[in-house]
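Here's the letter readout for the chains.
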Amino acid sequence: MATKPAAGEVFRYPFLWKRQQQAGETEGRKARPVCIAVTVAHRNGETLVFILPITTQPPLPGRPALEVPQIESQRVGLEAHVRKWVMLDEINTDIVERSYVWDDRKALGAFSASFTNRLRADLLALVKSGGSSLVDRMK
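Here the structure is a predicted model, which means the values were calculated and not measured.

S.K.: I'm lost on the overall build of the protein chain in this one. Help?
M.R.: Looking only at helices and strands, the protein chain features three helices and eight strands. Listing the helices and strands of the protein chain from first to last along the sequence gives β-α-β-β-β-α-β-β-β-α-β. Whereas a compact globule of 139 residues would reach a radius of gyration of roughly 14 Å, the protein chain reaches 14 Å, a difference of no more than 12%. Put simply, the protein chain has 139 residues, and 42% of those count as buried. Summarising the internal contacts of the protein chain: among those between residues at least 6 apart in sequence, 71% fall at separations of at least 24. Entry remark: accessible area of the protein chain is about 7,400 Å², with carbon and sulfur atoms responsible for 51%.

S.K.: Help me understand the packing of aromatic side chains, please; the structure alone is not making it clear to me.
M.R.: The relation between two aromatic rings is expressed through the spacing of the ring centres and the mutual angle of the planes. Evaluated as defined, the whole model comprises four aromatic pairs. Measuring from centroid to centroid gives 5.1 Å for Phe11 and Trp102, while their planes differ by 90°, and the two rings are edge-to-face. Here Trp102 lies in the loop between strand E6 (90-95) and strand E7 (109-110) and Phe11 lies in strand E1 (residues 9-13), a separation of 91 residues in the sequence. The class for Phe11 is buried, based on a relative accessible area of 2%. Each ring, one from Phe15 and one from Trp17, has its centre 5.0 Å from the other, and the planes form 70°; the classification is edge-to-face. The class for Trp17 is buried, based on a relative accessible area of 8%. An aromatic cluster of three or more residues is present, and its members are Phe11, Tyr13 and Trp102.

S.K.: Just to check I follow, could you spell out the pattern of salt bridges for this structure?
M.R.: Inspection of every chain in the model, using the stated rule, returns seven salt bridges. Its salt-bridge partner being Glu90, residue Arg63 comes within 3.2 Å of it at the nearest N-O pair. With Arg63 in the loop between strand E3 (47-55) and strand E4 (65-67) and Glu90 in strand E6, this residue pair connects regions lying 27 residues apart in the sequence.

The rules behind each value
Note on numbering: residues in each chain are counted from 1, in written sequence order. Confidence filtering applies because this is a predicted model: local features only for residues at pLDDT of at least 70, side-chain atom pairs given and counted only at 80 or more, and all residues used for totals across whole chains, interfaces and linings. Hydrogens and water molecules were not included; the side-chain quantities draw on all heavy atoms of the structure. To qualify as a helix, a DSSP run of H or I must reach at least 4 residues; to qualify as a strand, a run of E must reach at least 2; elements of each kind are numbered from the N terminus. With the radius of gyration taken over C-alpha atoms, the globule rule is written as 2.2 Å times the number of residues to the power 0.38. For each residue, the accessible area found with a 1.4 Å probe, counting protein chains only, is set against the maximum for its type, and the residue is called buried under 20%, exposed over 50%, and partly exposed in between. Every residue pair with non-hydrogen atoms within 4.5 Å of one another is taken to be in contact. Only the protein chains shown count as cover for residues, and the accessible areas themselves come from Shrake-Rupley with a 1.4 Å probe. Ring geometry is summarised as follows: Phe, Tyr and Trp rings, the Trp one being its six-membered ring, pair when their centres sit within 6.5 Å, and such pairs are stacked at plane angles under 30 degrees, edge-to-face over 60 and tilted between the two. A pairing counts as a salt bridge when a side-chain nitrogen of Lys or Arg comes within 4 Å of a carboxyl oxygen of Asp or Glu.

Structural data, given as structure tokens:
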């Protein structure tokens, strides 16, 4: 990959849900749209990414999610006429340079700075309150 992903960029990634990991699965069932929430410089110049899933399934009551506005869907090349949510309570972490599951590394597009900032602020508040689950894909 020539460039490193940035916060707000949307990719296809085999996101592994916490319930799948708890059932013993190690691979996401399909490559779904995901958003890079945060990137962190990791040891040896590697890039640690925090990845959030984008889904068309309305979140269950009590599950924190941020609805993707139609203009943002258009911006990243997703169907604008279908409602979507970025789930905030489940996060995958991965190392970009040595990920064994991230095949398609071409960004579909990027959310606007204002939507990305709102997403990150909501996520940070949720993480601080202990309301998110992390699935470490760095192994």
